[in-house]
Structures are given as C-alpha cells and as structure tokens.
Amino acid sequence: MLGYDEFTKLNARYRVIHPFNPELMDGDGYVLTVRDDVEIRYLEHRNLVSHEIVFVPPDHVAHLTAKSRFGRLGISFLNAAKVHSGFVGRLALEVVNLNNDRDSVTIRKGEPFMHFELMRREGAPRPYQGRYMFQFMDDAEVEMYLELIGRELGGSMDVDILRELAEGRVRAVEEI
Ligand SMILES: O=c1ccn([C@H]2C[C@H](O)[C@@H](COP(=O)(O)OP(=O)(O)OP(=O)(O)O)O2)c(=O)[nH]1
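Residues numbered from 1 in each chain as written. Predicted model: local features only at pLDDT ≥ 70, side-chain atom pairs only at ≥ 80, totals over all residues. Heavy atoms only, no water.

Caption draft 1: Spotlight on the sheet that holds strand 5 (residues 45-55). The 4 strands lie next to each other as 1-5-9-7, forming an open sheet whose pairing is antiparallel. Where the open sheet ends on each side, the last strands, each with one partner, are strand 1 (17-18) and strand 7 (75-77). Sheet topology note: the strand 7/strand 9 (residues 88-97) ladder contains 3 bridges and is antiparallel. Bridging from a neighbouring strand, Ile-75 pairs with Asn-97 of strand 9. Of the strands in this sheet, strand 1, strand 5 and strand 9 touch helix 3 (residues 139-153), which is tilted by about 45 degrees from strand 5. (Pairing = 2+ DSSP bridges. Helix = DSSP H or I, 4+ residues; strand = E, 2+ residues; numbered from the N terminus. Contact = heavy atoms within 4.5 Å. Axes fitted to C-alpha atoms, helices over the stretch in contact; angles between N-to-C directions.)

Caption draft 2: The packing of helix 3 against helix 4 (residues 159-167), seen in detail. Contact pair helix 3 / helix 4: the axes reach a minimum separation of 10 Å and the direction vectors enclose 165 degrees. Considered as vectors, helix 3 and helix 4 are oriented roughly antiparallel to each other. Note that helix 3 runs across helix 4; the crossing there is right-handed. Residue-level inspection shows Val-142, Glu-143, Leu-146, Ile-149 and Gly-150 of helix 3 in contact with helix 4, the latter providing Val-159, Leu-162, Arg-163 and Ala-166. A breakdown of the residues in the contact of helix 3 with helix 4 according to their chemical character gives 6 nonpolar, 1 polar and 2 charged. (Parallel < 35°, antiparallel > 145°, perpendicular 65-115°, else oblique. Left-handed = near helix turned anticlockwise from the far one by under 90°. Nonpolar A, V, L, I, M, F, W, Y, C, P; charged D, E, K, R; others polar.)

Caption draft 3: The pairing of strand 3 (residues 29-32), seen in detail. In this sheet, strand 3 lies alongside strand 2 (residues 25-26) in antiparallel orientation, the contact comprising 2 bridges. Note that in strand 3 the partner of Asp-26 across the bridge is Gly-29. Counted between consecutive antiparallel strands, the loop separating strand 2 from strand 3 contains 2 residues, among which Gly-27 sits at a positive phi close to 65 degrees. Relative to strand 11 (residues 114-120), strand 3 runs antiparallel, the two sharing 3 bridges. If you follow Val-31 over to strand 11, its bridge partner there is His-115.

Caption draft 4: Spotlight on the packing of aromatic side chains. With the rule as written, the count across this model stands at 6 aromatic pairs. Note on Phe-7 and Phe-116: the rings are 6.3 Å apart at their centroids and 85 degrees apart in plane angle, and the pair reads as edge-to-face. With a gap of 109 residues between them, Phe-7 in helix 1 (residues 4-14) and Phe-116 in strand 11 connect regions that are remote in the sequence. Phe-116 shares its class with Phe-7; the two are buried. Judged by centre distance (6.1 Å) and plane angle (80 degrees), the ring pair of Phe-55 and Tyr-145 falls under edge-to-face. With Phe-55 in strand 5 and Tyr-145 in helix 3, the pair connects residues that are 90 residues apart, well separated along the chain. Accessibility assignment for this pair places Phe-55 and Tyr-145 in one class, buried. Here the guanidinium or amino end of Arg-15 rests over the ring plane of Tyr-145, the centre of that ring lying 5.8 Å away. Across from the ring centre of Phe-70, 4.6 Å away, lies the NZ or CZ of Arg-69, which sits over that ring. (Phe/Tyr/Trp six-rings, centres within 6.5 Å; stacked < 30°, edge-to-face > 60°. Buried < 20%, exposed > 50% of the residue type's maximum accessible area, 1.4 Å probe, protein only. Lys NZ or Arg CZ within 6 Å of the ring centre and 35° of its normal.)

Caption draft 5: Representation of a negative patch on the surface within the structure. A cluster of acidic residues, Asp-158, Asp-160, Glu-164 and Glu-167, forms a negative patch on the protein surface. Tracing the backbone through its elements, the reader meets Asp-160 in helix 4. (Patch = residues over 30% accessible without salt bridge, like charges linked within 9 Å, V, L, I, M, F, W, Y side chains within 5 Å. Areas by Shrake-Rupley, 256 points an atom, 1.4 Å probe, with all protein chains shown as cover. Salt bridge = Lys/Arg side-chain N within 4 Å of Asp/Glu carboxyl O. Lys, Arg positive; Asp, Glu negative; His and termini not counted. Charge placed at Lys NZ, Arg CZ, Asp CG, Glu CD.)

Caption draft 6: Expanded view of the site of the ligand. Contacts to the ligand come from 13 residues, most closely from Asn-79, Ala-80, His-84, Ala-92 and Gln-135. Residue His-84 places a side-chain N or O atom 2.6 Å away from an oxygen atom belonging to the ligand. Between the ligand and the protein, one listed contact pairs an oxygen atom with a side-chain N or O atom of Gln-135 at 2.8 Å. In the shell around the ligand, the residues fall into 9 nonpolar, 3 polar and 1 charged. (Near = heavy atom within 4 Å. Polar contact = N/O pair within 3.5 Å; in protein donor to acceptor, adjacent residues only side chain to side chain.)

In structure tokens form, the structure reads like this:
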C-alpha cells in the first residue's frame, strides 16, 4: 500500500483525487466525501456519488472502506470495494441504513465518508475500459483527464478508446 508521501506525489502528478483537500488525507490514504447532503431512512438502499473524481494510475489499484463512524450508526457499505487500474470518474457508493433504533442517518457534503487507499500492482498494465469510465463527470472534467492521460500515459492508455467511452458515459445515478 502507498504511504502518505508516495500518495501525495502520485496525486500531484496524476490528479488522483480532484478536487484534492490536503485536510482529508488520513494516515496513508484520502477520505472521500459525498457530492450532496443525503438523509438515508431506515432500511433504505441508496447510491451516493462521491464529490471527488478519482483516477487510479495504471500501475495501481484502489481500495474503498467506509468510515467506522458511519458503521457505528448502522450504515453498511454494500458494493465492491475495488477501483480498477486506469479508472477515472466519480464513485457510486451504495449504502443501506441498518440503524438499531431505526433512525435516519444523514451524510453531509464535505464530511469524511470513505477511505480510499492505493496499492501498487505488478505486470503489464490492463487499464479499465468498462462502462463506468468517466461516470458522473462533465465535459470539461473529461477533457482535463484526457489531456493529462495523453501527456503522461499515452503509452499505456489509448486516448481514442477513452474518448469513445466518454461519449457513452454514465451521467446520472438513475442510469446505473
Ligand atoms: O463502490 C464502487 C466500486 C467501484 N466503482 C467503480 C470503479 C470500478 O473500477 C468500476 C467497476 O467496478 P465493478 O467491476 O465492481 O462494477 P460492476 O458494476 O460489477 O461492473 P459490471 O456490471 O460492468 O461487470 O466501478 C464505483 O463506482 N463504486
């Protein structure tokens, strides 16, 4: 797993987290926040969208774990904890509220919510080219990452293929 210094170095070069708030570094990783305030009713299952865009450089993978504070309130993080090498996009974070007192739980914009940690992978790169590439990003954000990838990673990521994926990207939570 990458330590603080390696994480921040990689972030400066590849814009791993955007926007990046240094105060949300926690130990060796970053803590993602949600895009909107959300109140989750007892037993409700919701797809939350991260405020931050993440980019996992092709020689890394990322791992997600919900903050324990929300676990104690009964919020359970349902979906896969893996972000593929080469993935760019906002994350869809699926949660369900299992609160013992059957209370609603609110997650506020800006509140630390989901640990994001990077691991180095070995071997030839096989960057992500699935349907969630560039999900929940606007045109300017997509262009910013295509430019960065073309400049820094043109040898291992194909910008023409990425541009096609961007055309058909998931834009709203209702589409997933
Ligand atoms: O909580 C998560 C976990 C992953 N991802 C993104 C990053 C990951 O690289 C991509 C694909 O993950 P996965 O293969 O687990 O998704 P799927 O829905 O099972 O994919 P598919 O239905 O295309 O097989 O989705 C999220 O948005 N939220």
